[in-house]
Amino acid sequence: MRSHYCGQVTEALLDQEVNICGWVHRRRDHGGVIFLDIRDRFGIVQVVFDPDTVEAFANAEQMRSEFVIGIRGLVRRRPQGTENADMVTGKIEILGRELNILSRAKTPPFQLDDHQKVGEETRLKYRYIDLRRPEMTNNLVFRAKVSSAVRRYLESQGFLELETPILTKSTPEGARDYLVPSRTHPGQSFALPQSPQLFKQLFMMSGLDRYYQIAKCFRDEDLRADRQPEFTQIDIEASFVDEKAVMNIAEGLVKAMFQELMQIDLGHVPQMTFAEAMRRFGSDKPDLRIDMELVDVAECVIDSPFQVFAQPAKDPKGRVAALCVQDGANRLTRKDIDDLTNYVKQFGAKGLAYIKVNDLSAGRDGLQSPIVKNLSDEALHGILEKTQAKTGDLIFFGADKANVVAAALGALRIKLGHDLGRVAEGWRPLWVVDFPMFDEDDQGNLQALHHPFTSPVSVDDLKHNPAAAISRAYDFVLNGVELGGGSIRIHDSEVQQQVLALLGIQEEQAREQFGFLLDALSFGCPPHGGLALGLDRMVMLMVGAESLREVIAFPKTQTAACPLTSAPSNVSSRQLSDLGLRLK
């Protein structure tokens with residue numbers, strides 16, 4: 001039916017007859033001559049019909065948007081002055097000689113050129129139409145090229161593409177599992193994997209020393225623009241490696257994709273410790289394109305009678321930090337500051353103190369803020385010196401528990417960077433390393449910062465000071481987005497049991513949940529480590545999309561629903577009965 005794709009009809013085919021198939025993108029009637037723009041996944045080509053070809057012209061008069069048609073015609077050069085430099089096919093057109101209607105179409109629920117005027121719910125309900133848009137088509141074609149490039153690179157490095165189960169055992173990995181009740185084992189359930197973590201470690205114990213998989217993973221968690229309940233990750237694991245080896249493999253992979261598919265050299269990728277990232281940027285995935293940084297000012301206010309600052313300055317778990325916004329006093333109004341105050345409250349901050357530097361040379365009199373009267377000249381001088389503030393700048397403060405200050409000022413830094421146009425062009429990759437092994441809650445309970453299979457730098461620290469233990473973990477960050485992370489794994493059964501015990505998973509529970517892993521560790525396990533990169537996130541960044549939903553063919557909404565299929569849906573009482581279930 002087709003000799004060429006629409007987007008492949010170029011000057012190289014002048015004076016040749018071609019057969020094309022596709023959708024009617026647009027119909028234009030110009031005084032007895034009908035123009036049809038025909039679209040397929042390779043692009044759009046213009047076809048012209050004149051009354052001399054009576055039957056084809058009559059069919060062309062019936063055309064409406066999204067009809068599926070087949071055309072036979074002659075490739076010719078467009079008349080001078082009518083070329084379209086924005087189209088690959090813009091120097092030619094096809095003189096239509098035969099037109100066959102393959103499928104008629106109802107009026108679509110939205111015009112492909114005006115998709116932004118309809119809600120995302122409508123776009124997702126009619127996703128098969130939304131995917132016809134060249135932008136969406138190009139995103140999915142690009143995604144396929146990324147997957148292909150991943151396979152070529154990793155296989156060139158000796159990796160094997162191996163599959164892991166989808167129906168597996170529920171294990172604690174930080175998010176809620178999607179459960180699948182078992183019919184053959186009443187009262188019991190499978191879980192969909194949050195990651196292939198344990199199975200890829202088992203591959204290492206099996207001697208299959210270089211594994212990769214483009215893996216589907218599932219997490220039942222609240223959604224954001226960069227989260228979906230089902231997602232795809234590039235999963236890697238290797239034996240007899242250290243952190244440097246794994247990071248080199250992953251970095252080489254990302255660089256190869258950017259070079260091959262975008263002709264972009266990411267250049268040197270620096271490393272930064274977790275502690276430094278939190279201190280300077282309030283985030284373990286800092287966007288280095290924004291030149292503002294957090295500055296600690298606790299020592300300037302620790303003896304101040306202003307307890308809002310002094311109390312957290314004296315608290316070992318507290319922090320007082322400042323964020324200096326260049327020219328902020330001139331660009332941000334009082335209403336803007338009020339809006340930013342409400343913004344940081346969602347991150348746990350109780351408020352947002354500030355000082356406007358109207359005239360640095362005037363000392364205290366050149367500063368404008370409700371808190372200036374509560375601070376001594378010495379404290380103000382120290383703050384201005386540490387923040388390197390200048391006339392016209394605006395200084396924001398966070399004073400609370402260190403994690404609250406980091407979350408609030410870190411988010412504020414990102415928001416102001418974008419709102420004020422302070423985001424530099426280009427790509428800024430970064431490795432974040434030396435993560436803590438654990439988070440500690442207010443009751444002193446420990447939780448794994450990554451997952452409970454991450455190896456510590458020092459086993460002694462696990463015994464004597466576990467809350468301060470550093471892990472052999474690493475995250476790859478690009479423009480403020482965590483593309484992925486990994487670690488060197490625990491390969492000693494005793495150490496693994498020790499970590500599980502620190503997390504409150506006692507021996508009996510550990511055997512129940514992880515007995516197969518502990519057994520495998522005891523039968524000779526090589527040192528190993530790996531990493532997982534988010535394929536969806538990477539493609540989102542590379543194509544410049546605002547959301548993961550723009551690079552996933554059939555995504556879920558913010559409520560984890562699918563408008564296209566109306567999933568999740570009710571199931572029959574018979575199906576529930578077969579599973580031994582009933583609804584409350």
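Residues numbered from 1 in each chain as written. Predicted model: local features only at pLDDT ≥ 70, side-chain atom pairs only at ≥ 80, totals over all residues. Heavy atoms only, no water.

Visitor: Help me understand the overall build of the protein, please; the structure alone is not making it clear to me.
Guide: When helices and strands are tallied, the protein shows 18 helices and 22 strands. Considered along the principal axes of its C-alpha atoms, the protein spans approximately 95 × 70 × 50 Å. Considering the protein as a whole, with its 584 residues, one finds that 48% of them fall into the buried category. Taking all contacts inside the protein whose residues are at least 6 apart in sequence as the whole, residues at least 24 apart take part in 68%. Counting every atom, the protein has about 29,000 Å² of accessible surface; 48% of that belongs to carbon and sulfur. Computed over 68 positive and 80 negative side-chain charges, the inter-centroid distance for the protein is 5 Å. (Helix = DSSP H or I, 4+ residues; strand = E, 2+ residues; numbered from the N terminus. Buried < 20%, exposed > 50% of the residue type's maximum accessible area, 1.4 Å probe, protein only. Contact = heavy atoms within 4.5 Å. Areas by Shrake-Rupley, 256 points an atom, 1.4 Å probe, with all protein chains shown as cover. Lys, Arg positive; Asp, Glu negative; His and termini not counted. Charge placed at Lys NZ, Arg CZ, Asp CG, Glu CD.)

Visitor: Looking at this model, I keep getting lost on helix α6 (residues 243-262). Mind explaining?
Guide: The periodicity of an α-helix, 3.6 residues per turn, causes residues three or four positions apart to be oriented the same way. Between its terminal C-alpha atoms α6 stretches 28 Å, which fits the 28 Å expected from 20 residues at 1.5 Å a residue. All buried positions along α6 are accounted for by Val246, Met247, Ile249, Ala250, Glu251, Gly252, Leu253, Val254, Met257, Phe258 and Leu261. (Expected span 1.5 Å × (residues − 1).)

Visitor: I tried to follow the packing of aromatic side chains on my own but got confused; where do I start?
Guide: For any pair of aromatic rings, the description rests on two quantities: the centre-to-centre distance and the angle between the ring planes. A full pass over the atoms with the stated rule returns 11 aromatic pairs. Measuring from centroid to centroid gives 5.0 Å for Trp431 and Phe476, while their planes differ by 80°, and the two rings are edge-to-face. Here Trp431, found in strand β17 (residues 429-433), pairs with Phe476, found in strand β20 (residues 473-478); they are 45 residues apart in sequence, far enough to count as distant. Of the residues examined, Phe476 reaches a relative accessible area of 1% and is grouped as buried. Feature note: the residues Phe306, Phe309 and Phe397 constitute an aromatic cluster, connected by ring pairs. Between the NZ or CZ atom of Arg41 and the centre of the ring of Tyr5, over which it lies, the distance is 5.5 Å. Sitting over the face of the ring of Tyr343, Lys415 holds its NZ or CZ atom 5.3 Å from the ring centroid. (Phe/Tyr/Trp six-rings, centres within 6.5 Å; stacked < 30°, edge-to-face > 60°. Lys NZ or Arg CZ within 6 Å of the ring centre and 35° of its normal.)

Visitor: It is not clear to me how empty space enclosed by the protein should be interpreted in this structure. Could you clarify?
Guide: Scanning all chains against the criterion turns up 2 cavities of 30 Å³ or more. Empty space within the second largest cavity amounts to approximately 40 Å³. Looking at the lining of the second largest cavity residue by residue, the class counts come to 4 nonpolar, 4 polar and no charged. (1 Å grid on protein atoms, 1.4 Å probe; cavity = no way out; pocket = protein on both sides within 12 Å on 5 of 7 lines; lining within 4 Å. Points joined across faces, edges and corners; volume = space filled by probe spheres on them. Nonpolar A, V, L, I, M, F, W, Y, C, P; charged D, E, K, R; others polar.)

Visitor: When you look at the sheet that holds strand β4 (residues 68-77) in this model, what are you seeing that I'm missing?
Guide: Hydrogen bonding along the main chain pairs the strands of a sheet, whether they run parallel or antiparallel. Strands sit in the order β1-β2-β3-β5-β4 around a closed barrel of 5 strands; the barrel is mixed. The mean angle between the axes of side-by-side strands here comes to 55°, regardless of whether they run parallel or antiparallel. (Pairing = 2+ DSSP bridges. Axes fitted to C-alpha atoms, helices over the stretch in contact; angles between N-to-C directions.)

Visitor: I keep staring at the sheet that holds strand β12 (residues 294-296) and nothing clicks. Help me out?
Guide: The 5 strands are arranged β12-β13-β16-β14-β15 in an open sheet whose pairing can be described as antiparallel. Single-partner strands in this sheet number two, and they are β12 and β15 (367-368). Sheet topology places strand β14 (residues 353-357) next to β15; 2 bridges connect them, and they run antiparallel. Considered in β15, the bridge of Val357 is made with Leu367. Along the sheet, helix α12 (residues 377-387) contacts β12, β13 (318-325), β14, β15 and β16 (394-401); its crossing angle with β16, the most-contacted strand, is approximately 105°.

Visitor: In this structure, what is going on with the environment of Tyr126? I would like to understand it.
Guide: By the element assignment, Tyr126 lies in the loop between α2 (120-125) and α3 (127-130). Judged by relative accessible area, which is 26%, Tyr126 ranks as partly exposed. With 17 residues separating them in the primary sequence, Tyr126 and Pro109 have C-alpha atoms 7.8 Å apart. Setting aside its immediate chain neighbours within four residues, Tyr126 contacts Pro109 and Phe110.

Visitor: Teacher, can you tell me more about the side chain of Asp400 here?
Guide: Along the chain, Asp400 falls in strand β16. Overall, the relative accessible area of 14% leaves Asp400 in the buried class. Within polar-contact distance, the side chain of Asp400 engages the side chain of Lys350 at 2.8 Å. (Polar contact = N/O pair within 3.5 Å; in protein donor to acceptor, adjacent residues only side chain to side chain.)

Visitor: Is there a simple way to think about the pattern of salt bridges in this case?
Guide: Two side chains of opposite charge can pair, provided their charged atoms sit close to one another. All chains considered together, the criterion is met by 41 salt bridges. Here Arg72 and Glu17 are joined by a salt bridge, their closest N and O atoms 2.8 Å apart. In this pair, Arg72 is assigned in strand β4 and Glu17 in strand β1 (residues 17-30), connecting sequence segments 55 residues apart. By relative accessible area, which is 26% here, Arg72 ends up partly exposed. Residue Glu237 pairs with Lys200 through a salt bridge whose shortest N-O separation is 3.4 Å. Taken together, the positions of Glu237 in strand β10 (residues 230-239) and Lys200 in helix α5 (residues 197-205) put the pair 37 residues apart, joining distant regions of the chain. Taking the relative accessible area as the measure of exposure, Glu237 reaches 0% and is therefore buried. For Lys200, a relative accessible area of 2% gives the class buried. Among the ionic contacts, a cluster of salt bridges with common partners joins Arg123, Arg127, Asp130, Arg133, Glu135 and Glu550. (Salt bridge = Lys/Arg side-chain N within 4 Å of Asp/Glu carboxyl O.)

Visitor: Before we go on, may I ask you to explain the side chain of Arg489 in this structure?
Guide: Positionally, Arg489 belongs in the loop between β21 (481-488) and α15 (493-502). Looking at Arg489, its side chain comes within polar contact range of the side chain of Glu237, at 2.9 Å. Within the local environment of Arg489, its side chain forms a polar contact with the side chain of Ser487, the two groups lying 2.9 Å apart. For Arg489, the contacting residues outside a window of four places in its chain are Gln197, Lys200, Gln201, Ile236, Glu237, His451, Phe453, Ser455, His528, Gly529, Gly530 and Leu531.

Visitor: Got a minute to help me understand the pairing of β1 in this structure?
Guide: The side chains of a regular strand alternate between the sheet's two faces. Where β1 meets β4, 7 bridges bridge the pair, whose relative direction is antiparallel. Following the sheet pairing, Asn19 is matched in β4 by Arg72. The pairing of β1 with strand β2 (residues 33-40) spans 7 bridges and is antiparallel. Paired with Trp23 across the two strands is Arg39, which belongs to β2. Taken together, β1 and the strand that follows it, β2, pair antiparallel across an intervening segment of 2 residues, in which Gly31 is found at a positive phi of about 55°.

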